[in-house]
Amino acid sequence: MVRVVFVAPFNMPATMRFVSAVAELPDVQVGLISQEPAEVLAPELRQRLATHYRVADGLDVKHLIPAVRSVGKQLGGIDRILGTLEQLQVQLGQLRDLYQVHGMGEANARNFRDKAQMKDVLRAAGVPCARHRRLSSAAEGWVFAREVGFPMIVKPLDAAAARGTFRVTDSPGLQAALHALQPTADHPCVAEEFVTGLERSFETVSIRGRAVWDSSTRYNPAPLHVLENPWIQWTVLLPREVETSDTQAVRPYARAALEALGMHTGISHMEWFRRDRHDTGPVAISEVGARPPGAQILSINSHAHDTDFYRLWGRLVVHETFDPPTRKYAAGAAFFRGQGGDPRGPRRIAALHGLEQAQKELGHLVVEAKLPQVGQPRSDSYDGEGYAIVRHPDTGVVERALERLVSLVRVELA
């Protein structure tokens, strides 16, 4: 019996899919730590848990230490400490170190979480990435700007999913970014050269630091561009072809990056660029997360391979086993994002346009959807108010379907 402590601060649907994947394993006992009461959990999940511990702050290691100790006593020991949130990876490492539990410790977790430290490690390992600098003051930001020029990126050290990230194109923009982030020696931020080109993701399955499987998706447009323009609807595409010019170009650098950063066991998420607008351009690594990807990428992989990647992840992180599936389809997600309304006040979905036509043209390709609903509050996530996942054996069919979906469907806010 494997005894697992799973830290999931918030009862979010995506997070609960990972918790359920572990709890459904036949030879596992799971203790869940969260900020929310057990009553909000789905009844079938609640029945599978050995215990539940509620904390006031599920991201604060000071709250988590006694919680893990208590859950461990109830389980009779701890074999795994798990969690999927980007913002939780360092705390999980601290807990593994403290309780001497197998897995990635604090030092390696900080390589992934501290974006300036990450770039230092990557450059030392010969992995191509943007020029960067840790900023301990606003003055250092102006010096870096003179060295690399505009545009540039300024963001928190622990940025995730492009949140809190500023794309700076001129001096007033840099002034605004530095004023917002207020870099000091105790609370530095990071500045980076702005890399242009085609942005991709690269997911790798690792077991005790050894890469055993990977795949690459294509963003259209880049996530930062999506965050800067809340009205833009965007797509993620996983080609049917397992070996592409993308995977061949980035795989050596991805594996070198994961080895240098200290990836242990799990599915990692890397964002990277082709430095020009062609599939043959040079590679630059943007960021690497030691946790599963967002943007429905695991669901996309599930549909492309006719398997459940959440369950594969559960077996991977608990038993350190992974059976590489066969890709049968191309698959991708179209994200529907609200437009209009007063940006200064709360907004809700007032109307939906194009759904009937989209269903008529493309409904036969849709394998999963969470459609926006009238009256639904505007989402704070760059995933938007809803999505649809399509698949087909032909990559070109899926690519065209995604483009058509985001052109047909419009979510009106008011």
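Notes on the structure follow. Nothing here was measured: the structure is a model prediction, and the numbers come from that model.

The rules behind the values
Residues numbered from 1 in each chain as written. Predicted model: local features only at pLDDT ≥ 70, side-chain atom pairs only at ≥ 80, totals over all residues. Heavy atoms only, no water. Helix = DSSP H or I, 4+ residues; strand = E, 2+ residues; numbered from the N terminus. Polar contact = N/O pair within 3.5 Å; in protein donor to acceptor, adjacent residues only side chain to side chain. Contact = heavy atoms within 4.5 Å. Core = buried A, V, L, I, M, F, W, Y, C linked by side-chain atoms within 4.5 Å. Buried < 20%, exposed > 50% of the residue type's maximum accessible area, 1.4 Å probe, protein only. Arc of directions from axis to C-beta. Salt bridge = Lys/Arg side-chain N within 4 Å of Asp/Glu carboxyl O. Axes fitted to C-alpha atoms, helices over the stretch in contact; angles between N-to-C directions. Parallel < 35°, antiparallel > 145°, perpendicular 65-115°, else oblique. Left-handed = near helix turned anticlockwise from the far one by under 90°. Nonpolar A, V, L, I, M, F, W, Y, C, P; charged D, E, K, R; others polar. Pairing = 2+ DSSP bridges.

The next thing to look at is the side chain of Arg 291. Relative to the helices and strands, Arg 291 is located in the loop between β13 (283-289) and α11 (297-305). At 2.7 Å, the side chain of Arg 291 forms a polar contact with the side chain of Glu 86. Here Arg 291 is in contact with Thr 84, Glu 86, Gln 89, Ile 267, Ser 268 and His 269, once residues within four sequence places are set aside.

Grouped burial of nonpolar side chains is what soluble globular proteins tend to show. Within the largest apolar cluster, 31 residues are counted, with the highest numbers of intra-cluster contacts made by Val 4, Phe 6, Val 22, Val 28, Val 30, Val 318 and Phe 322. Of all the secondary-structure elements, those providing two or more residues to this core are β1 (2-7), α1 (13-23), β2 (28-34), β9 (198-207) and α12 (309-319). Ranked by residues supplied to this core, first place goes to α12 with seven residues. With near-sequence residues (within four places) excluded, Val 4 lies in contact with Val 22, Val 28, Gln 29, Val 30, Gly 31, Leu 75, Arg 80, Leu 82 and Val 318. Phe 202, Val 250, Ala 257 and Leu 258 belong to the second largest nonpolar core, which has 22 residues in total.

What follows concerns helix α7 (residues 138-148). For α7, every residue scored as buried is listed here: Gly 141, Phe 144, Ala 145 and Val 148. Within α7, the buried residues cover an arc of 105 degrees as seen down the axis, which keeps them to one side. Buried residues belonging to α7 abut β5 (132-135), β6 (152-156), α8 (171-181) and β8 (189-193).

This paragraph deals with the pattern of salt bridges. In total, this model carries 25 salt bridges according to the counting rule given. Residue Asp 79 is joined to Arg 3 by a salt bridge in which the shortest nitrogen-to-oxygen separation is 3.0 Å. In this pair, Asp 79 is assigned in the loop between α3 (61-75) and β4 (80-82) and Arg 3 in strand β1, connecting sequence segments 76 residues apart. Overall, Asp 79 belongs to the partly exposed group, its relative accessible area being 22%. Through salt bridges that share partners, Glu 86, Arg 113, Lys 115, Lys 119, Lys 155, Glu 192, Glu 287 and Arg 291 make up one connected network.

Note that Tyr 53 resides in strand β3 (residues 51-54). Sequence separation between Tyr 53 and Val 68 is 15 residues, and the spatial gap between their C-alpha atoms is 8.6 Å.

Since there are 3.6 residues in each turn of an α-helix, residues three or four apart along the chain are aligned in direction. Leu 174, Ala 177 and Leu 178 are the residues of α8 that are buried. Looking straight down α8, one finds its buried side chains confined to an arc of 95 degrees; they lie on one side. α8 presents Pro 172 and His 179 as exposed residues on the side facing more than 90 degrees away from its buried surface. Looking at the buried residues of α8, the elements they touch are β5, α7, β6 and β7 (166-168). Its side-chain oxygen at 2.8 Å from the backbone nitrogen of Gly 173, Asp 170 defines the N-terminal cap of α8. Of the residues flanking the end of α8, it is Gln 182, one or two places downstream, whose phi is positive at about 50 degrees.

Moving on, we get to the packing of α7 against α8. One way to put it is that α7 packs onto α8 with a least axis distance of 10 Å and a crossing angle of 150 degrees. The pairing of α7 with α8 is recorded here as roughly antiparallel in orientation. Crossing handedness for the pair α7 and α8: right-handed. For the pair formed by α7 and α8, the contact residues are Ala 138, Gly 141, Trp 142 and Ala 145 on the first element and Ser 171, Leu 174, Gln 175 and Leu 178 on the second. Grouping the constituent residues of the contact of α7 with α8 by class yields five nonpolar, three polar and no charged.

Time to look at the sheet that holds β9. An order of β13-β12-β9-β10-β11-β14-β18-β17 is seen for the eight strands of this open sheet, with the pairing classed as antiparallel. The outermost strands of the open sheet, each flanked by one partner alone, are β13 and β17 (366-370). Strand after strand, the sheet turns through a mean of 20 degrees between neighbouring axes, direction not considered. Direction of pairing for β9 relative to strand β10 (residues 210-220): antiparallel, over a ladder of eight bridges. Bridging across to β10, Ile 207 finds its partner in Arg 210. Set on the sheet, α11 makes contact with β9, β10, β11 (234-238), β12 (266-274), β14 (330-336), β17 and β18 (386-392); between it and β11 the angle comes to about 40 degrees. Taken strand by strand, helix α14 (residues 395-408) contacts β11, β14 and β18, and its axis lies near 5 degrees from that of β14.

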